[in-house]
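Understanding the architecture of this molecule
So you can see what is in the structure, the chains are spelled out below.
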Amino acid sequence: MITAIVFIKAEVASIPEVAEQIAALDGVSEVYSVTGQIDLIALIRVRSHDEVAAVVADRLNKVPGVLSTETHIAFRTFSRHDLETAFSLGLD
């Protein structure tokens, strides 16, 4: 499974509608509205790099109101559970 994190700049007046349309795309697992220089963050979870390209370039970028995107591919996942296990001293 490949996870991509996509930073999205959107037209301010249509951020909720843009987020809903992106969330409805196949391959998009979550969309967050955030503060800062970007407006939305989308998490893409697919089986191949070609599918990342299809989701982002062929569909997400074509959603009306999307101004620009920046895509980051995750190569390792750390969850709270993983971190707690890694730092545990085993003194339970």
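First, a word on scope: everything that follows refers to the structure included in this document. All figures in this text were calculated on a predicted structure; none of them were measured in a lab.

The next point concerns the sheet that holds strand β1 (residues 2-10). Within the open sheet, the 4 strands sit side by side as β2-β3-β1-β4. Their pairing is antiparallel. The open sheet is flanked by β2 (28-33) and β4 (66-74), the only strands paired with a single partner. Across the sheet, the mean angle separating the axes of adjacent strands is 20 degrees when strand polarity is ignored. Contacting β1, β2, β3 (40-46) and β4, helix α1 (residues 15-23) crosses the sheet at an angle of about 165 degrees to β2.

So, about the environment of Phe75. Relative to the helices and strands, Phe75 is located in the loop between β4 and α3 (80-86). Here Phe75 falls in the exposed class, since its relative accessible area comes to 80%. Sequence-wise, Phe75 and Ala4 are 71 residues apart; in three dimensions their C-alpha atoms are separated by 9.1 Å.

In terms of nonpolar packing, the biggest core is built from 21 residues, with Ile8, Ile22, Ala42 and Ile44 touching the most fellow members. Of all the elements in the fold, those that place two or more residues in this core are β1, α1, β3 and α2 (49-59). Once you skip the residues sitting within four places of it in the chain, Ile44 turns out to touch Ile2, Thr3, Ala4, Val6, Gly27, Val28, Val55, Val56 and Leu60.

Those residues of α1 not exposed but buried are Ile15, Val18, Ala19 and Ile22. Buried residues of α1, viewed axially, fall in a sector of 100 degrees; they line one side. Against β1, β2, β3 and β4 lie the buried residues of α1.

Within the secondary structure layout, Thr3 lies in strand β1. A relative accessible area of 15% places Thr3 in the buried class. Aside from chain neighbours lying at most four places away, what touches Thr3 is Ile44, Arg45, His72, Ile73 and Ala74.

Rules used throughout
- Residues numbered from 1 in each chain as written.
- Predicted model: local features only at pLDDT ≥ 70, side-chain atom pairs only at ≥ 80, totals over all residues.
- Heavy atoms only, no water.
- Pairing = 2+ DSSP bridges.
- Helix = DSSP H or I, 4+ residues; strand = E, 2+ residues; numbered from the N terminus.
- Axes fitted to C-alpha atoms, helices over the stretch in contact; angles between N-to-C directions.
- Contact = heavy atoms within 4.5 Å.
- Buried < 20%, exposed > 50% of the residue type's maximum accessible area, 1.4 Å probe, protein only.
- Core = buried A, V, L, I, M, F, W, Y, C linked by side-chain atoms within 4.5 Å.
- Arc of directions from axis to C-beta.

These values are about where atoms sit, not about what they do.
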